Amino acid sequence: MGGLLQALVGVSEKAAELARLCRREEPLFQLLVAEKTGPNRNRRFLQDFKTLADVLIQEVIKHDLGKEFPELQGHIHGEESNEFRDVHGGTVAVRVCATREDTVALLLSVLGPEQAAAELLADAVHRDVVLQDAALAGTEPSLSPQDLAVWIDPIDSTNEYIRGCEDVPPVDGIAPAGLCSALVLIGAFDRLSGHPVLGVINEPFFQRDPQTCRWQGRYHWGVAHGDTRLCSLSPPDPHPVPRVVLSRAEGAAVRGALGPLCGGHLHFAAGAGYKMLCVILGLADAYVLSKGTTFTWDACAPHAILRALGGGLVALEGALRARREGRAGNPPELVYNRPAEGVGGAERWANQGGLVAYVHPQHLEAVLGAL
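All residue numbers refer to positions counted from 1 along the written sequence of the respective chain. For this predicted model, a pLDDT threshold of at least 70 governs which residues receive local features, and a threshold of 80 or more governs which side-chain atom pairs are given and counted, while totals over whole chains, interfaces and linings are taken from all residues. As a rule here, side-chain values cover all heavy atoms of the structure and leave hydrogens and water aside.

Looking up the chain in an unreviewed UniProt entry gives the name inositol-1,4-bisphosphate 1-phosphatase, with the organism given as Piprites chloris. UniProt positions are given in the numbering used here, feature names are shortened, and annotations may be inferred rather than shown by experiment. In its Cofactor (unreviewed entry) section, the UniProt entry covering the chain states "Mg(2+)". The annotation that UniProt attaches to the chain under Sequence similarities (unreviewed entry) is "Belongs to the inositol monophosphatase superfamily."

1. What about the sheet that holds strand β3 (residues 76-78)?
Backbone-to-backbone hydrogen bonds pair the strands of a sheet. The strands run either parallel or antiparallel. Being paired, for any two strands, means DSSP has found at least two bridges between them. Every helix listed is a DSSP run of H or I at least four residues long, and every strand listed is a run of E at least two residues long, numbered separately from the N terminus. With mixed pairing, six strands are arranged side by side in an open sheet as β3-β6-β7-β8-β9-β10. At either margin of the open sheet sits one strand with a lone partner, and together these are β3 and β10 (228-231). This sheet shows a mean twist of 15° between the axes of neighbouring strands, independent of strand direction. Looking at chain direction, strand β7 (residues 183-190) and strand β8 (residues 196-208) are connected through six bridges and run antiparallel. Bridge pairing in β8 links V184 to N202. By the convention used here, residues are in contact when the closest approach between their heavy atoms is within 4.5 Å. Between N-to-C directions, angles span 0 to 180 degrees; the directions come from axes that are lines fitted to C-alpha atoms, helices contributing only their stretch in contact. On top of the sheet, helix α9 (residues 272-280) reaches β6 (148-156), β7, β8 and β9 (215-225); it is set at about 80° to β7, its chief contact. Packing of helix α10 (residues 296-308) onto the sheet brings it into contact with β3, β6, β7, β8, β9 and β10, and relative to β8 it is tilted by some 100°.

2. Concerning the UniProt feature "binding site: Mg(2+)" (unreviewed entry) in the chain
The sites that UniProt annotates as "binding site: Mg(2+)" (unreviewed entry) are E79, D153, I155, D156 and D298. These annotated residues cover 220 residues of sequence, and their C-alpha atoms lie no more than 9.6 Å from one another, placing them together at a single site. Mapped onto the fold, E79 is located in the loop between β3 and β4 (83-85). With a 1.4 Å probe rolled over the protein chains alone, any residue whose accessible area is under 20% of its type maximum counts as buried; one over 50% counts as exposed, and the rest are partly exposed. According to the relative accessible area criterion, E79 is partly exposed, its value standing at 21%. With respect to the secondary-structure elements, D298 resides in helix α10. At a separation of 2.7 Å, a polar atom in the side chain of D298 contacts the main-chain amide nitrogen of F295. Under this definition, polar contacts are N or O atom pairs within 3.5 Å; protein pairs additionally need one hydrogen-donor-capable and one acceptor-capable atom, and for neighbouring residues in sequence, both atoms have to be side-chain atoms.

3. Brief notes about the environment of Q216
With respect to the helices, strands and loops of the structure, Q216 is situated in strand β9. On a C-alpha basis, the gap between Q216 and A16 in space is 9.2 Å, while along the polypeptide they are 200 residues apart. The residues contacting Q216, other than those within four sequence positions of it, are R20, E203, P204, F205, F206, Q207, R208 and D209. Engagement of the side chain of Q216 in a polar contact is seen with the side chain of D209, the distance being 3.2 Å.

4. What about unusual backbone geometry?
In the Ramachandran plot, D172 falls in the positive-phi region, its phi being about 55° despite a non-glycine side chain. Take D172: it is sitting in the loop between α7 (158-163) and β7. Residue C213 is not a glycine yet carries a positive backbone phi of 65°. Locating C213 in the fold gives a position in the loop between β8 and β9.

5. Points about the pattern of salt bridges
By definition here, a salt bridge exists when the distance from a side-chain nitrogen of Lys or Arg to a carboxyl oxygen of Asp or Glu is within 4 Å. This structure, assessed with the given rule, holds 11 salt bridges. The salt bridge involving E17 is made with R20; its shortest N-O contact spans 3.3 Å. Residue E17 and its partner R20 are both found in helix α1 (residues 2-24); the two are separated by three residues, about one turn of the helix. Take E17: its relative accessible area is 21%, and that puts it in the partly exposed class. Owing to a relative accessible area of 11%, R20 belongs among the buried residues under this scheme.

6. Points about the nonpolar core
Ranked by internal contacts, the top residues of the largest apolar core, which has 58 residues, are L121 and Y161. Among the elements of the structure, α1, α3 (52-68), α4 (100-111), α5 (115-126), β6, β7, β8 and β9 are those that each provide at least two residues to this core. Sort the elements by how many residues they give to this core and α1 lands first, with 11 residues. Side-chain atoms within 4.5 Å are what join buried Ala, Val, Leu, Ile, Met, Phe, Trp, Tyr and Cys residues into a set we call a nonpolar core. Within the second largest apolar cluster, 38 residues are counted, among which are W151, I201, L355 and V359.

7. Some words on the state of the cysteines
Disulfide assignment relies on a single distance test, namely cysteine sulfur atoms paired within 2.5 Å. Counted according to the given criterion, the structure contains zero disulfides. Sulfur of C213: no disulfide; nearest cysteine sulfur belongs to C180 and is 17 Å away. In this structure C213 comes out as partly exposed when scored by relative accessible area, which is 48%. Considering cysteine sulfurs only, C278 is the nearest to C262, which forms no disulfide, with 14 Å between them.

8. Brief notes about the packing of α9 against α10
The relative placement of two packed helices comes down to the angle between their axes together with the axis-to-axis distance. Contact geometry of α9 with α10 gives a least axis separation of 9 Å together with a crossing angle of 5°. Of the possible angle classes, the one that applies to α9 and α10 is roughly parallel. Contacts from A272, G273, M276, V279 and I280 in α9 reach D298, A299, P302, I305 and L306 in α10. When residues are sorted by character, Ala, Val, Leu, Ile, Met, Phe, Trp, Tyr, Cys and Pro go into the nonpolar class, Asp, Glu, Lys and Arg into the charged class, and all the rest, Gly among them, into the polar class. Broken down by class, the residue content of the contact of α9 with α10 amounts to eight nonpolar, one polar and one charged. Throughout, the term roughly parallel applies to angles under 35 degrees, roughly antiparallel to angles over 145, roughly perpendicular to angles from 65 to 115, and oblique to all others.

9. Details of the sheet that holds strand β13 (residues 286-289)
Pairing within the open sheet is mixed, and its five strands lie in the order β12-β11-β13-β15-β14. Two strands close off the open sheet at either side, each with one partner strand: β12 (267-268) and β14 (312-315). Bridge count between strand β11 (residues 244-246) and β13: two bridges; the pairing is parallel. Of the residues in β13, the one forming a bridge with V245 is Y287. Against the sheet, α9 engages β11, β13, β14 and β15 (355-358), with an angle of about 150° to β13.

Right, dumping it as structure tokens:
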């Protein structure tokens with residue numbers, strides 16, 4: 001398990017470099033954006049996009065993890081289809097080839113004459129990542145990869161990644177929008193129970209290097225299995241007046257119910273993963289979403305880290321129902337091995353009925369009581 005955790009962090013670092021590389025040249029980047037259609041589109045957005053960065057990152061993670069841990073092959077799931085438009089208007093299945101040269105040739109079918117760009121991307125795809133993290137190297141919980149499956153969100157908050165706003169000022173440490181909310185999320189869950197046990201969140205656009213002005217990233221990880229709780233972070237301190245972060249699309253009823261709890265001041269941000277990260281980092285005490293517009297790939301990695309810190313990610317509709325019915329015990333948490341029945345495409349994996357992310361149980365109780 002320790003080897004798997006290091007591998008997840010390693011591929012997240014490779015993914016983050018690919019995300020930065022694909023953003024570095026704006027004219028090139030505009031060539032790499034494709035609109036999702038049909039059942040793969042998120043119904044929340046009038047337009048839902050994927051980028052070559054999304055697809056390539058997902059395929060790199062699948063390739064590298066499957067190669068190192070054959071037990072995971074067939075159990076590594078991602079948000080994106082690996083099909084992308086080629087230069088002739090058809091489609092090409094993006095994948096990691098056996099050699100750098102073959103990967104360059106495949107990428108040129110998407111990039112056309114951009115030989116230098118294809119070579120840069122292929123170099124990033126095929127390079128080895130060496131981690132210098134003593135705490136990570138010493139983490140070896142007893143859980144076999146053959147018991148696990150993986151959800152990947154190669155770039156959460158893709159719309160913010162595409163817009164690329166780089167200098168959005170934060171409000172109380174929480175960025176309302178912008179490139180910083182584009183994250184790489186990799187979560188492992190128990191195949192049998194569906195509970196998240198391991199999560200990695202990588203922030204490719206955490207800060208700029210003052211010398212080169214290039215973006216630098218950072219990562220966070222957590223393990224929550226049985227009685228084991230390990231995390232790269234310490235549990236954050238609660239705020240005297242709870243801070244709740246919401247989507248700007250959240251309805252007036254939820255805003256009105258939670259406003260008094262927060263002293264009349266709610267926070268807003270883009271990206272489900274980023275809002276959960278705000279809770280993990282202690283910038284917010286809870287993230288509330290009343291609609292089923294997030295998916296298993298958004299939530300699995302943050303959920304594992306929240307559990308590692310002593311918190312969780314509950315299904316809002318189920319938690320409110322249990323509260324109304326007076327049922328004792330912990331509210332129902334999200335699980336990651338059960339597709340919804342009666343729907344197709346991405347909606348099979350929607351977190352129907354909303355969610356609440358929290359670290360401190362008193363904040364979960366306060367939010368549920370307010371709602």
